[in-house]
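Observations on the three-dimensional arrangement
Each chain, letter by letter, is given below.
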Amino acid sequence: MDIDSHSSARRAKSASSPKHSAATSEAWPNQEDIPPWPVLMEALRNLPDSRPEAVERARNLIADPDYPPQHLQEILAQQLAILVDADIDSLPT
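**With respect to the overall build of the protein chain**
What the protein chain contains, in helices and strands, is five helices and zero strands. Along the protein chain, helices and strands appear, N-terminal first, in the series α-α-α-α-α. For the protein chain, the proportion of its 93 residues judged to be buried stands at 0%. In the form shown here, the protein chain has an accessible surface area of approximately 9,000 Å², with 59% of it arising from carbon and sulfur atoms.

**Structural notes on the pattern of salt bridges**
Throughout the structure, instances matching the rule amount to one salt bridge. The shortest N-O distance in the salt bridge between E42 and R45 comes to 3.5 Å. Pair noted here: E42 and R45 are both in helix α3 (residues 37–45), with a separation of three residues, about one helical turn. For E42, a relative accessible area of 37% gives the class partly exposed. Using a relative accessible area of 56% as the deciding quantity, one classes R45 as exposed.

**Focus: unusual backbone geometry**
Most of the time, phi is negative for any residue but glycine, and the peptide bond is trans. Cis geometry is adopted by the peptide bond preceding P68, which originates at Y67 and carries an omega value of -5 degrees. With respect to the secondary-structure elements, P68 resides in the loop between α4 (52–63) and α5 (70–89).

**Comments concerning a nonpolar patch on the surface**
On the surface, I34, W37 and L40 cluster together to form a nonpolar patch covering roughly 310 Å² of accessible area. Position of I34 relative to the elements: it lies in the loop between α2 (22–27) and α3.

**With respect to the confidence of the model for the protein chain**
Residues of the protein chain with pLDDT of at least 70 account for 66%, and the chain-wide mean is 75. The spread of mean pLDDT over the elements of the protein chain runs between helix α1 (residues 7–16), the lowest at 43, and α4, the highest at 94.

The rules we used
- Residues numbered from 1 in each chain as written.
- Predicted model: local features only at pLDDT ≥ 70, side-chain atom pairs only at ≥ 80, totals over all residues.
- Heavy atoms only, no water.
- Helix = DSSP H or I, 4+ residues; strand = E, 2+ residues; numbered from the N terminus.
- Buried < 20%, exposed > 50% of the residue type's maximum accessible area, 1.4 Å probe, protein only.
- Areas by Shrake-Rupley, 256 points an atom, 1.4 Å probe, with all protein chains shown as cover.
- Salt bridge = Lys/Arg side-chain N within 4 Å of Asp/Glu carboxyl O.
- Patch = residues over 30% accessible without salt bridge, like charges linked within 9 Å, V, L, I, M, F, W, Y side chains within 5 Å.
- pLDDT = per-residue confidence, 0-100.

Below you can see the structure in the form of structure tokens.
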């Protein structure tokens, strides 16, 4: 897995940049169109605590005896073995 160590710098530049994303521009073409802070906070409070489609997907995965697939179980087991070996090697003798 590659980690982009410059992503926060890129975000900081883009945050200070006057450019807006297409999605933002389409939703609120003018700054006057952005709802006031209390309206945004109320909308946030009214969001559901969970997404029903995500809960349903999770239930289906839990009920599936073949999930996760065998090859993923093997990869996970290998990664855990590496971590356990590294931890055992770091113990004082």
